[in-house]
Amino acid sequence: MEENLNLVADLALILISAGIITVIFRWLKQPLILGYLVAGFLVGPHFGLFPDVTSVHTVDQWAEIGMIFLLFSLGLEFSVKKLLKVGSSALITSMTVFIGMLVVGMTVGKAMGWTTMESIFLGGMISMSSTTIIIKSFEDLGLKKKPFANIVFGTLIIEDLLAILLMVLLSTLAVSKHFSGEEMVGSILKLIFFMVLWFTVGIFLIPIAMRKAKSFLNDETLLVLAIGLCFGMVIFANALGFSSALGAFV
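Below is a short write-up of the structure. Quick caveat, the model's predicted, so the values are computed rather than measured.

1. A look at the overall build of the protein
Tallying secondary structure elements over the protein gives eleven helices and zero strands in all. Start at the N end of the protein and walk to the C end: the helices and strands fall as α-α-α-α-α-α-α-α-α-α-α. Each of the 250 residues in the protein was classed as buried or not, and the buried ones make up 29%. Intrachain contacts of the protein at a sequence separation of at least 6 include 59% that bridge at least 24 residues.

2. A short note on unusual backbone geometry
One non-glycine residue with positive phi stands out, namely Lys 29, at about 60 degrees. Relative to the assigned elements, Lys 29 resides in the loop between α1 (6–27) and α2 (32–43). The exposure class of Lys 29 is exposed, given its relative accessible area of 76%.

3. Re the packing of aromatic side chains
As enumerated under the stated definition, the model contains one aromatic pair in all. On the basis of an interplanar angle of 85 degrees and a centroid distance of 5.5 Å, the ring pair of Phe 69 and Phe 231 is categorised as edge-to-face. Separated by 162 residues along the polypeptide, Phe 69 in helix α3 (residues 56–77) and Phe 231 in helix α10 (residues 219–239) bring together distant segments of the chain.

4. Brief notes about the side chain of Thr 22
Here Thr 22 lies in helix α1. When neighbours within four sequence positions are excluded, Thr 22 is seen to be in contact with Leu 32, Gly 35 and Tyr 36.

5. What about the nonpolar core?
Leu 74, Phe 153 and Ala 248 are the most contacted members of the largest nonpolar core, which has 14 residues in total. Those elements that place two or more of their residues in this core are α3, α7 (131–140), α8 (147–176), α10 and α11 (244–249). In this structure, Phe 153 is in contact with Ile 135, Phe 138 and Lys 144, ignoring residues within four places of it in sequence. Phe 194, Met 233, Ala 237 and Phe 242 belong to the second-largest nonpolar core, a separate cluster that totals seven residues.

6. Structural notes on α2
With twelve residues, α2 should cover 16 Å at 1.5 Å per step; its first-to-last C-alpha distance of 17 Å lies within 8% of that length. Listing the buried residues of α2 in full gives Leu 32, Ile 33, Gly 35, Ala 39, Leu 42 and Val 43.

7. Overview of the environment of Lys 110
Relative to the assigned elements, Lys 110 resides in helix α5 (residues 87–111). In sequence terms Lys 110 and Ile 120 are ten residues apart; their C-alpha atoms lie 9.3 Å from each other. The contact partners of Lys 110, leaving out residues within four places of it in the chain, are Thr 115, Thr 116 and Ser 119.

8. Remarks on the packing of α1 against α2
Two numbers describe how α1 lies on α2: the axes approach to 8 Å, and their chain directions differ by 135 degrees. Here α2 runs oblique to α1, going by the angle between their axes. α1 and α2 meet at a crossing whose hand is right-handed. Counted together, Leu 13, Ser 17, Ala 18, Ile 21, Thr 22, Phe 25 and Arg 26 of α1 and Leu 32, Leu 34, Gly 35, Tyr 36, Val 38, Ala 39, Leu 42 and Val 43 of α2 form the full contact between these two elements.

9. Looking at a nonpolar patch on the surface
The grouping of Val 97, Met 101, Val 104, Val 108, Met 112, Trp 114, Met 125 and Ile 126 at the surface amounts to a nonpolar patch, some 670 Å² of accessible area in total. Elements with a minimum of two residues in the nonpolar patch: α5 and α6 (116–126). It is α5 that provides the largest number of residues to the nonpolar patch, a total of four residues. As for its placement among the helices and strands, Met 101 is situated in helix α5.

10. Some details on the side chain of Ser 119
Along the chain, Ser 119 turns up in helix α6. Taking the relative accessible area as the measure of exposure, Ser 119 reaches 1% and is therefore buried.

11. Description of the environment of Asn 150
Note that Asn 150 resides in helix α8. A sequence separation of 60 residues divides Asn 150 from Ala 90, and the C-alpha atoms of the two residues are 8.9 Å apart.

So, how was this worked out
- Residues numbered from 1 in each chain as written.
- Predicted model: local features only at pLDDT ≥ 70, side-chain atom pairs only at ≥ 80, totals over all residues.
- Heavy atoms only, no water.
- Helix = DSSP H or I, 4+ residues; strand = E, 2+ residues; numbered from the N terminus.
- Buried < 20%, exposed > 50% of the residue type's maximum accessible area, 1.4 Å probe, protein only.
- Contact = heavy atoms within 4.5 Å.
- Phe/Tyr/Trp six-rings, centres within 6.5 Å; stacked < 30°, edge-to-face > 60°.
- Core = buried A, V, L, I, M, F, W, Y, C linked by side-chain atoms within 4.5 Å.
- Expected span 1.5 Å × (residues − 1).
- Axes fitted to C-alpha atoms, helices over the stretch in contact; angles between N-to-C directions.
- Parallel < 35°, antiparallel > 145°, perpendicular 65-115°, else oblique.
- Left-handed = near helix turned anticlockwise from the far one by under 90°.
- Patch = residues over 30% accessible without salt bridge, like charges linked within 9 Å, V, L, I, M, F, W, Y side chains within 5 Å.
- Areas by Shrake-Rupley, 256 points an atom, 1.4 Å probe, with all protein chains shown as cover.
- Salt bridge = Lys/Arg side-chain N within 4 Å of Asp/Glu carboxyl O.

Structure, rendered in structure tokens:
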């Protein structure tokens, strides 16, 4: 097969496998997200019993694109008003879970003989919830409209913001081997500036521009523009040293 068709072949294998496995999981009344995970494992390069993708690099690219669209869809669901409405409950819950899991992870790391830095990283990793997995599971199970869902989503959003702050702190710690106050404060201020600037642009400026151009937009144009904004924000976030997930969400 020509090399330039490998990407098409890998995409066909991924989509067909995901489609078949998720049909089976729906028949078994299991969450679709679990089917996607199983399908990915079966066609991945580490299983071997079924046809697998020809390039691990291709898998990494598609995984990044999939993550971008998942976070983009999460950003579309995000509402500042809803977050403020459940703010106190979500804040207390997220802080309790975040700090509790951070302490547990550090304690386990120390008990296994790991260094202090390794233990801190372990605690940081297990304190971060998978927002996209939980929201997708809620959607598949029909729980997205339940009264408690807003509190769960609010908690997840706050945990995501805490996770971003933690990644800034841990990246500073990993590079300098100690907390550099000046660098840490600069990173936090840059993060705050990024969030405030682009939430302001997204809430006020872009909707105004959309309304003024309403007569020139149809569904196709709007879709193309929205996806373009999504990937543009991903590039901008990466240029500032933040993750693609943050850019897609914003």
